[in-house]
Amino acid sequence: MKIIALSEAFNLLEDFAKLPGDVRKDPYRTGLLPPDVWKGFVMMQTSFPREFWVAQSDDGRTIARIGASVSPVLSSEGAIGFFETNLADKEGKAAAKTLLSTAEAWLKSKGVTKANGPMNFNTWFPYRFRVGEPEERFTWEPENPPEYVAIWEAAGYSVLENYHSQGHEGLGAFASRLEPSYEKANDAGFVFRPFESARVLEKEVPILYDISMEGFRENFMFEPIPYQAFQALYVPIAGKLDLGLSYVASHPDHGNVGFFFAFQDKDYVVFKTVAVKYVARGKGVSNAMMYLGARKAQDRGLSKLITAMVKSGAQSESYGKKATTLWENKYVLLSKAI
């Protein structure tokens, strides 16, 4: 088995990008990114050090991959992600273990003493492992064979943070509980409009970027990213999702102050992301946007919602308490002192 860095063998980029599609089996192919997206991540210009590796069997087959990067703002911390291995290959688990050690050694050479993962660069990009077998699967959540978690834990990684998505019934009751917040925000002069789905990249993404860089600044493991990288996050969904349930909040004195990112998936409305600038906090703005999204979803005939990808203990966890829980999918972020 050979471990090869992409910086030394860029001709292996195609193998790196195709590997998830080649080795994943159902049901772990849900939401699988196409090879061009993985290539884009590797070729993306970044301000921080990063490296990628593949493992090849003795007969020259690419059987595993990994990537690592150094955080530009979190002191002595780094990320390990882009993890994939061929579990059907007799060398797959050994290759995964060796790649983890290789990534850790590279991070240590850069002064890193703590590795977090799985994380592709930072929390803006795909990160976390799913744990357990879910009742329902969705393309927007982490997906992985359960053996991946076991491989990392055997290598000394433990849970740093827990996350969950919950399906709820009672969308109407949920909206009714938020209506006073909408009235409060409306009386305070805040104005709400739905996303322009046809102009997401052109009009909405610059607004979302401005709000996000302030609104998420205090979030766990926040790192600012360049606008071009932020825009790239929305390229896969532009024109593919109906964002008519998403809203932007503004105020005559402060401009755009918040956004609520929601969409329909199956027979649910998915409450994905909400961000509000400091000047508008405590004034009912986030609840007002969710109220509008919930009411519009009701108009479509929906009665169920999902509170998606919530960090355990976060304030947004309380939104799910306004409805009756049907199921829960769980995820973890791991870490290890190196």
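Data block above holds the structure.
Small disclaimer: the values here were computed from a predicted structure and weren't measured. (Residues numbered from 1 in each chain as written. Predicted model: local features only at pLDDT ≥ 70, side-chain atom pairs only at ≥ 80, totals over all residues. Heavy atoms only, no water.)

S.K.: Would you mind showing me how to read the overall build of the protein chain here?
M.R.: Each helix and strand in the protein chain was counted, giving 8 helices and 13 strands. Dimensions of the protein chain, computed from C-alpha atoms along their principal axes, come out at roughly 70 × 40 × 35 Å. Each of the 338 residues in the protein chain was classed as buried or not, and the buried ones make up 53%. Counting only contacts in the protein chain whose residues sit at least 6 apart along the sequence, the fraction spanning at least 24 positions is 73%. (Helix = DSSP H or I, 4+ residues; strand = E, 2+ residues; numbered from the N terminus. Buried < 20%, exposed > 50% of the residue type's maximum accessible area, 1.4 Å probe, protein only. Contact = heavy atoms within 4.5 Å.)

S.K.: Is there a simple way to think about the side chain of E223 in this case?
M.R.: Mapping E223 onto the fold places it in the loop between α6 (200–215) and α7 (227–234). Despite its burial, E223 remains without a salt bridge, the nearest opposite charge being carried by K114 at 11 Å. Apart from residues lying up to four places away in sequence, E223 is in contact with S71, P72, V73, L74, N122 and W124. (Lys, Arg positive; Asp, Glu negative; His and termini not counted. Salt bridge = Lys/Arg side-chain N within 4 Å of Asp/Glu carboxyl O.)

S.K.: Before we go on, may I ask you to explain the nonpolar core in this structure?
M.R.: Side chains that are nonpolar tend, in soluble globular proteins, to be buried together. Ranked by internal contacts, the top residues of the largest apolar core, which has 53 residues, are L6, W124, W140, F230, F259 and I306. Here this core takes 7 residues from α6, the largest share from any one element. In this view, F230 contacts W124, V205, L208, Y209, S212, M213 and I225; residues no more than four positions away in its chain are not counted. (Core = buried A, V, L, I, M, F, W, Y, C linked by side-chain atoms within 4.5 Å.)

S.K.: Whenever I open this one, the pairing of strand β12 (residues 304–311) confuses me. Can you help?
M.R.: Note on strand geometry: in a regular strand, side chains alternate between the two faces of the sheet. Judged by how many residues are buried, β12 sits mostly within the fold: 7 of 8 residues are covered. Of the pairings in the sheet, the one linking strand β7 (residues 158–169) to β12 comprises 6 bridges and is antiparallel in character. Paired with Q166 across the bridge in β12 is T307. Across 4 bridges, strand β11 (residues 268–276) lies against β12 in parallel orientation. Directly across from V269, in β12, lies its bridge partner L305. Taking the sense of rotation as the criterion, the β-α-β connection linking β11, helix α8 (residues 285–299) and β12 turns out right-handed. (Pairing = 2+ DSSP bridges. Right-handed = clockwise from strand over helix to strand, strands pointing away.)

S.K.: Quick question: what am I supposed to make of the packing of aromatic side chains here?
M.R.: What characterises a pair of aromatic rings is the spacing of the ring centres plus the angle enclosed by the ring planes. Summed over all chains, the structure comprises 35 aromatic pairs. A ring pair is formed by W38 and F82, whose centres lie 5.9 Å apart and whose planes are at 70°; its orientation type is edge-to-face. You can see W38 sitting in helix α2 (residues 35–43) and its partner F82 sitting in strand β4 (residues 77–85), a full 44 residues away along the chain. Here W38 falls in the buried class, since its relative accessible area comes to 8%. On the accessibility criterion, F82 (2% relative accessible area) is buried. The structure contains a cluster of three or more aromatic residues connected by ring pairs, namely W124, Y209, F216, F222, Y227, F230, Y234, F259, F261 and F263. (Phe/Tyr/Trp six-rings, centres within 6.5 Å; stacked < 30°, edge-to-face > 60°.)

S.K.: How should the pattern of salt bridges be read in this particular structure?
M.R.: One side chain can pair with another of opposite charge once the charged atoms of both are near each other. Inspection of every chain in the model, using the stated rule, returns 19 salt bridges. Between E136 and K266 there is a salt bridge whose closest N-O contact spans 3.7 Å. In this pair, E136 sits in the loop between β6 (129–131) and α4 (146–154) while K266 sits in the loop between β10 (255–265) and β11, placing the two residues 130 residues apart along the sequence. For E136, a relative accessible area of 21% gives the class partly exposed.

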